[in-house]
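Remarks on the overall topology
Here's the letter readout for the chains.
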Protein chains: 2
Amino acid sequence: MSGWVIGVDLGGTTISVGAASRDGTRRAALRTVATKAAEGADAVVGRIVAEVRAVAADLEAGHGAARGDILGVGIGSPGPLDRASGVVIVTPNLGWTNFPLRDRVAAGTGFDATLDNDANCAALGEWWQGGARGGRHVVAFTLGTGVGGGLIVNGRLFHGASDVAGEIGHMTIETGGRRCGCGNHGCLEAYASGPAIAARAREALGGHGASVLRDRCGGDLAALTAAHVYAAAAEGDPVAQAIVRETAMYLGVGVANMLNVFNPDVVVLAGGVAQAGDALFGPLRDEVARRAFAPAVAAARIVPGTLGAEAGVVGAAATFLQQRGLGA
Amino acid sequence: MSGWVIGVDLGGTTISVGAASRDGTRRAALRTVATKAAEGADAVVGRIVAEVRAVAADLEAGHGAARGDILGVGIGSPGPLDRASGVVIVTPNLGWTNFPLRDRVAAGTGFDATLDNDANCAALGEWWQGGARGGRHVVAFTLGTGVGGGLIVNGRLFHGASDVAGEIGHMTIETGGRRCGCGNHGCLEAYASGPAIAARAREALGGHGASVLRDRCGGDLAALTAAHVYAAAAEGDPVAQAIVRETAMYLGVGVANMLNVFNPDVVVLAGGVAQAGDALFGPLRDEVARRAFAPAVAAARIVPGTLGAEAGVVGAAATFLQQRGLGA
């Protein structure tokens, strides 16, 4: 079980690259650079390759690793994508269509490489080394600009028939509800993503007087974020508290749906939301208990992620190990 | 691959018992009796045991089977239940709590027996010998008095952490929606079960004039059923047609949710709804295409069940084979 794996977490804003020991107990050399997608796919691949090389050099210099100790590179990318061919089918954030990301990174670095969905990677990372450790059947919610997710069945990522499985942010929870970025109405993402939380707060402020939320964003409601809402709620602001309670309800519906359908032993909520603490997790667990079947509620730990922004990198390394039959 | 398996489908109204050859290609001796749950658990077990014995006798008389050719009995029961101990935890329809159904049937018949959820059995039956044959990752919706379901992962029933997995009728699709029999609000079952379809039709008639639905139920709206609605829609009744379109929309939401979350290669809709034909399946597929991700839509066949009322018996036999490692 010796050796290192390099993980790449490619996002619309930043690229994070780091390394994990094959047994997952050691992590090293986390580096983050701006994606600058507007410069084109070749430039983005160039940055990924440069960061992978820099991480490999760090491993050799700082951890005594030989070149042969580096088993390969796991890449997490926005999807949809095709794991078998290593091709990113389409990513609106990056502007790519049918881009052979895996093979381009492999050619540029000289390492074996695998590709998987970024939310799947975060799910696997939290299961391998984070809040969902020890789980057998795991549902991960990744909460940020969007709401993504991943399913783990018997300790392995479940990809479904065409690598789409785990898109739990696009479960309809209000049949005629809010418009979602995917074009559908009433998706969980349309209520519980960061921008959706901010939008609901802006709407709530329209009908109210005083709220520290106005000060938090310097009077510019367009600049209001979910982080402002969580912070104002923690200060006792009633408008923000109402939004957090409502968010907990919507997330509770999403979690309850997954409990009834999938009956996991761990549900992990990863992303910035993990910082919201009991103000969110308390009412969320109450909503789940109201909606899901008792034996499913009893079986499931509902926990925040513990890896923070590193989940995607750690999980990208883990998905390399699983895809190559090397562990994790 | 020789031998026979006996399947038992225990319902609140009827008990069906039949046999399937180990390779699934032959079915024999289907028998149905009334459950008469009010007579108590001992009486119900007595009826199951008598029917299993009668089916075994039929196999010996009509199919040349020796006693030793009968591998065992698979039992499908309303849940929740615990497969490992063979105990039915609670069934409101039968009035049972923590009842050791598997061992009682085994003791009464002298056959090895297994227990599983009735909707899981119907799902496995449709996969083994019905509309979902050839699927690898399958979602089954069982539509009747309730809305149940089952998940098949890599050709095996997926039970989750505590045998609850597949309760897709209790996915919330309207967060503040119609009250469901489970106590929750807005479950798919509260819109798409037979009684829910009839209730929505009664409500629609309240605001309208003429409809053949009034004649169908002899003027007694309390006697209106989902079957009346499907039949009146087929005759061109506009109120009934609106209810069928609305049902297709709600079922479409449920199917789309499962496509995005689970990405199956087959979705099978079993139960009386299978007879509704294109009037239901056409708009249902349209709704799914509007709501689910394109690669998930492309990967999934959406089909009616083909086994009808026999799905539960056939699947109960199949779950015996899977639980005992004998095939299916």
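Residues numbered from 1 in each chain as written. Chains lettered and ligands numbered in written order. Predicted model: local features only at pLDDT ≥ 70, side-chain atom pairs only at ≥ 80, totals over all residues.

**Some details on the relation of the copies chain A and chain B**
Taken as rigid bodies, chain A and chain B are interconverted by a rotation of 180° and an axial shift of 0.0 Å, the fit giving an RMSD of 0.0 Å. Seen this way, the second copy is the image of the first under a two-fold rotation axis. When the interface residues of chain A are mapped onto chain B, 100% of them are again interface residues, pointing to one common binding face. (Least-squares fit on C-alpha atoms with pLDDT ≥ 70 in both. Contact = placed C-beta atoms within 7 Å.)

**Here's the deal with the interface of chain A and chain B**
With 36 residues of chain A in contact, the opposing surface of chain B contributes 37 residues. At the level of elements, α8 (238-262) and α10 (294-299) of chain A are the ones that each hand at least two residues to the side of chain A that touches chain B. Sort the elements by how many residues they give to the side of chain A that touches chain B and α8 of chain A lands first, with seven residues. Here the residues of the side of chain A that touches chain B sort into 21 nonpolar, ten polar and five charged. (Helix = DSSP H or I, 4+ residues; strand = E, 2+ residues; numbered from the N terminus. Nonpolar A, V, L, I, M, F, W, Y, C, P; charged D, E, K, R; others polar.)

**Description of the sheet that holds strand β6 (residues 87-91) of chain A**
Residues and elements named next belong to chain A. With respect to topology, three strands assemble into an open sheet ordered β5-β6-β7, the strand pairing being antiparallel. Looking along the sheet, the strands with just one partner apiece sit at the ends: β5 (81-82) and β7 (96-99). As judged from the three bridges shared by β6 and β7, these two strands associate in the antiparallel manner. Following the sheet pairing, Val-90 is matched in β7 by Thr-97. (Pairing = 2+ DSSP bridges.)

**Some remarks on the domain arrangement of chain A**
Residues and elements named next belong to chain A. You can read the domains of chain A as domain 1 (4-126 + 310-323) and domain 2 (134-305). With centres defined by C-alpha atoms, the gap from domain 1 to domain 2 works out at 27 Å. The interface is formed by 14 residues belonging to domain 1 together with 16 residues belonging to domain 2. Secondary structure elements with two or more residues in the side of domain 1 that touches domain 2: β5, α3 (118-129) and α11 (311-323). A total of six residues in the side of domain 1 that touches domain 2 trace back to one element, the largest contributor, which is α3. Residues belonging to the side of domain 1 that touches domain 2 are distributed by class as follows: seven nonpolar, four polar and three charged. (Domains from an automatic or database assignment.)

**Concerning the packing of helix α5 (residues 194-206) of chain A against α8 of chain A**
All names here are of chain A. α8 packs onto α5 with a crossing angle of 135° between their chain directions and a minimal axis gap of 10 Å. As judged from the angle between their axes, α5 and α8 are oblique. In this structure, the crossing between α5 and α8 has a hand that is right-handed. For the pair formed by α5 and α8, the contact residues are Ile-197, Arg-200, Ala-201, Ala-204 and Leu-205 on the first element and Val-239, Ala-240, Ala-242, Ile-243, Glu-246 and Thr-247 on the second. Class assignment of the residues belonging to the contact of α5 with α8 gives a composition of eight nonpolar, one polar and two charged. (Axes fitted to C-alpha atoms, helices over the stretch in contact; angles between N-to-C directions. Parallel < 35°, antiparallel > 145°, perpendicular 65-115°, else oblique. Left-handed = near helix turned anticlockwise from the far one by under 90°.)

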